[in-house]
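Residue-level structure breakdown
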Amino acid sequence: MESRRKFLKNAGSMAAGSILLPSIAKASLNMGLASSQPIGIQMFTATNFMGEDTKAFLAELAKIGYKEIETAGGGGGMYYGHKPKELKSMIEDLGMKWVAHHSMGGKFNLPDDFEMTEQLKAYMEGMRTLQDDHKLIMEDAVEGGWEYLVCASTPIATVDEINKSIETFVKVGEDCKDAGIQFAYHNHATEFDLVDGKTPYERILSQTDKDMVKMEMDMGWVTKAGKDPLQLFKENPGRFPLWHFKDYDLKNDKIVIAGEGDVDFKRIMTGAKLAGMKHIFYEQDTASSLDDVSKSYKNIANVI
């Protein structure tokens, strides 16, 4: 992007610049390179390989081109070993912005034989939940300067669990508004499974205020569930300010590098205005290295 700016500057000083610039801009738009939309990353992507030097890892993300950060976890009010104010400073010193954070909605009743991955263990260690600790989480939100507090996941296996989660969302949404923060809900595929004749996603959308509870659409999980993002945008215009650019290989039933699966990001982008999209975050639960993170960035940059 920097070399392109330099080229445009030089071209502008040429006598024929007024002729060249329109065609250059048009070509760049066709390649997706002229978009002013910054690309963000959900840090859960890097749980297995980011290491203990948070600032060094953030610097690598900035070097790749990521401009916005969405964090996850936050055990005991610490974020990757740092208090919110410290992490905010690190991020901003690198020319990025801490936009959003994922917190769990409530505690899950896991079966005795459930196999906890190391990634999930690290994520859930000392975890605060919105049901029990949302006031403490909101204090961190204010200190960290987050625009959005997002429910990453919540118990929705039964109608009772769904109703309890919705009750929490209503309360947190109201308190967030008072604090100048927007609350949102992030989906997985299970939100689209029927529970007593209706999906949890339908219940959440219909039983919460469209301004108090926004949605963060995870494109990979929506695709896995067999749903059409554009149809959801049409049914709920303006309710999806946050997007997860997650890609999914349907044939092999797995999450893959963004741009290498079955999610039609270019088509979905046509609904950005209708959805009310403001921020996009790449997320790949299965990412194994910064190489995956870099490839995904390049692929995403070519479709936004």
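So, here's what we can say about the structure. (Residues numbered from 1 in each chain as written. Predicted model: local features only at pLDDT ≥ 70, side-chain atom pairs only at ≥ 80, totals over all residues. Heavy atoms only, no water.)

This paragraph deals with the pairing of strand E6 (residues 213–218). In terms of residue burial, E6 counts as a mostly covered element, since six of its six residues are buried. Side chains of E6 alternate between two faces, with Val213, Met215 and Met217 and Lys214, Glu216 and Asp218 buried alike. When strand E5 (residues 182–186) meets E6, the two strands line up parallel, connected through four bridges. Residue Phe183 lies in a different strand from E6, and its bridge partner there is Val213. (Buried < 20%, exposed > 50% of the residue type's maximum accessible area, 1.4 Å probe, protein only. Helix = DSSP H or I, 4+ residues; strand = E, 2+ residues; numbered from the N terminus. Pairing = 2+ DSSP bridges.)

What follows is about the packing of aromatic side chains. Per the counting criterion, the structure on display carries 14 aromatic pairs. For the pair Phe169 and Tyr185, a centre-to-centre distance of 5.1 Å together with 45 degrees between the ring planes defines the contact as tilted. Here Phe169, found in helix H7 (residues 159–178), pairs with Tyr185, found in strand E5; they are 16 residues apart in sequence, far enough to count as distant. The buried category is assigned to Tyr185, whose relative accessible area is 0%. Members of the aromatic cluster, joined through ring pairs, are Phe233, Phe240, Trp243, Phe245 and Phe265. (Phe/Tyr/Trp six-rings, centres within 6.5 Å; stacked < 30°, edge-to-face > 60°.)

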